[in-house]
Structure formats: C-alpha cells, structure tokens
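# Observations on chain architecture
Okay, here's what each chain looks like letter by letter:
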Amino acid sequence: MKDGYLVRLCLITMISILTVMSPQAADHDATLVHTEAEHRVHSQFEALFASVTEQLANRQQMYIDNPTAYYDFLMATVVASWDSASTSRALVGKQHYTGFNDQQRLMLVDSVDQTLIRYAFEGLESYGGQVFKVDDVVVNEEKGMGWVQVLMESPILPDINLDLVIKRNPKNEWHAVDVRVKGITYVKIKKYKYREIIEEQGFDALIDNLTTKNTNYFDDICAPLVDPKQKGSAPC
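An account of the accompanying structure is given in this report. (Residues numbered from 1 in each chain as written. Predicted model: local features only at pLDDT ≥ 70, side-chain atom pairs only at ≥ 80, totals over all residues. Heavy atoms only, no water.)

Turning to the overall build of the protein, a few remarks are in order. Of regular secondary structure, the protein possesses 9 helices and 5 strands. Buried residues in the protein amount to 48% of all 236 residues. Contacts in the protein between residues at least 24 apart in sequence constitute 64% of all its contacts with a sequence separation of at least 6. (Helix = DSSP H or I, 4+ residues; strand = E, 2+ residues; numbered from the N terminus. Buried < 20%, exposed > 50% of the residue type's maximum accessible area, 1.4 Å probe, protein only. Contact = heavy atoms within 4.5 Å.)

Phi is mostly negative for residues that are not glycine, and the peptide bonds are mostly trans. Following Ala-234, the chain continues to Pro-235 via a peptide bond in cis, the omega torsion being 5 degrees. Tracing the sequence through the fold places Pro-235 in the segment after helix H9 (203-222). A positive phi is found at Asn-172, a non-glycine position, where the angle reads about 65 degrees. Note on placement: Asn-172 falls in the loop between strand E3 (160-168) and strand E4 (174-181). Owing to a relative accessible area of 42%, Asn-172 belongs among the partly exposed residues under this scheme. Positive phi outside glycine occurs at Lys-182, with the angle close to 50 degrees. Looking at the secondary structure, you find Lys-182 in the loop between E4 and strand E5 (184-185).

Further remarks concern the pairing of strand E1 (residues 131-140). Within a regular strand, side chains alternate between the sheet's two faces. Examined bridge by bridge, E1 and strand E2 (residues 145-153) share 9 bridges and lie antiparallel to one another. Across the sheet, the residue bridging to Val-137 is Val-148, located in E2. Adjacent in sequence and paired antiparallel, E1 and E2 are bridged by 4 residues, among which Gly-144 carries a positive phi angle near 70 degrees. (Pairing = 2+ DSSP bridges.)

What follows is about the environment of Ala-223. Mapping Ala-223 onto the fold places it in the segment after H9. Look at Ala-223 and you get exposed, because its relative accessible area is 55%. Put simply, Ala-223 and Cys-236 are 13 residues apart on the chain and 8.4 Å apart in space, counted from C-alpha to C-alpha.

Listed as buried for helix H5 (residues 84-92) are Ser-84, Ser-86, Thr-87, Ser-88, Leu-91 and Val-92. Elements that come into contact with the buried residues of H5 comprise helix H6 (94-99), helix H7 (102-124), E3, E4, helix H8 (186-201) and H9. A positive phi of about 95 degrees marks Gly-93, the residue just after H5.

This part takes up the nonpolar core. Core analysis: the largest hydrophobic core is formed by 55 residues, its most contacted members being Leu-108 and Val-148. Tallying contributions element by element places H7 first for this core, with 9 residues. Filtering out sequence-adjacent residues up to four positions away, Leu-108 remains in contact with Ser-88, Val-92, Tyr-97, Phe-100, Phe-203, Leu-206 and Ile-207. (Core = buried A, V, L, I, M, F, W, Y, C linked by side-chain atoms within 4.5 Å.)

Here we take up the state of the cysteines. By definition, a disulfide links the sulfur atoms of two cysteines through a covalent bond. For the structure on display, the rule yields 1 disulfide. Paired by a disulfide, Cys-222 and Cys-236 hold their sulfur atoms 1.9 Å apart. Handedness here is read from the sign of the S-S torsion; for Cys-222 and Cys-236, about -70 degrees, the answer is left-handed. Of the two residues, Cys-222 sits in helix H9 while Cys-236 sits in the segment after H9, which places them 14 residues apart along the sequence. (Disulfide = S-S within 2.5 Å.)

Following this line, the structure appears as structure tokens:
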C-alpha cells in the first residue's frame, strides 16, 4: 500500500530528524499564526525540530555508534513531546483501553514508546539531509486538538506534505499523538493489527508481539558494541 508506506516513512523520518527552521521560514510562518495558542504551539515545535535536526546533523555517526546516547536523547526530547497514552488508546480502541487495569495500560504505553523509538533508530542511518518546515498550525482550543502542517523536503525524494496531529493535556501542554499523510494516519494503518491480536489472542499476546520485535531489533544493533558502559543501559 503506497500511502501506508508513506505514513510509515514519514513517521520514521519525523521521529528521527523532525524539522529545521530557517529565519526566513520562521518569518513566513508567523503570518499564518492567528491565535495565541497557535503561536505557542508553533514556537514549541519549532524549537524541538531545530534541536533534533542540529543533533543529527552534527552527531549522526556518534548516535549510530552509541545507541545509549541516542536513546537517552530521544527519551528527553521526542518521547517527552509525544502523548503515547493517547496514541495507545487510539490503537487499541477506547473499549479495550478502558477495560485494561492500570498495570496493563502502563505496559501498553511503554511498548508503544519503545516501538516509536525503534522507528527512530531505523531512520537514523537513513538520514540524508531531509528538512522539515512548518507551514501552518491550526488548533481547536475548545476540543483541545489540532495539527502542525509540515513540508518534508528531501534531496533524493519528492517533497511530502504531512500533518502532525496534536492534543492538549490537562496541564495545557500540547503533544503529538499521530502523523497523517494524504489523509491516512499511522494509527489508522496499525490499529487493525493491534485490535486483532487483542481480540483473538489477548492482551499478553499483543505485548509479547511488540516486545519481541523491539527486543530483537535492539539486540541486533547492540551486539557489536564493545563499550561495557553501554551494556545493560537502554536500549542495550
């Protein structure tokens, strides 16, 4: 499915490199921001995207050689800006999510976090100078939802437009919950598999499925490491 591939590609690339904002782009985007909330969201994601891009532009090889450092950076920046609980709930559906106990919800959210981090690692070696530019920000303050419209410019692929779906939490903080390309979201693509496993095999089977994929991947990238300080530290 071509559109599904684009969503996954953009999710991997977005998590791993996010965006860079030039002064000219910031001046242009300022004309598109109409409310105080939109201005705040624009500034928040602009700063995040610039930080991540700067890190990858200057430390890509270091992060490849040191998975622990990259993992810590992702946890402190990207994961901290992503509402994995909302993403998890959307993936399994409200009925399943509310039926889980607190421990199960924590396990699911952690598994989704680790899956998103795995996507970021998968995209790390593929980073090739892609640039994300914020074109627009729209928020519905009454519903506490919105989106950040982003243009991905690549030196080797056609430009791609995507929307980062965002949600406001009770602390009035905005976090990403999904990514949409050509009307198709990551959650829309993956939710059927998540729910199928739960309904046919149960909650534990879903966690085992996600954990196995994540553990196998991280075992592979950590196997060549010789630095004993990295052994035993996430993700190794």
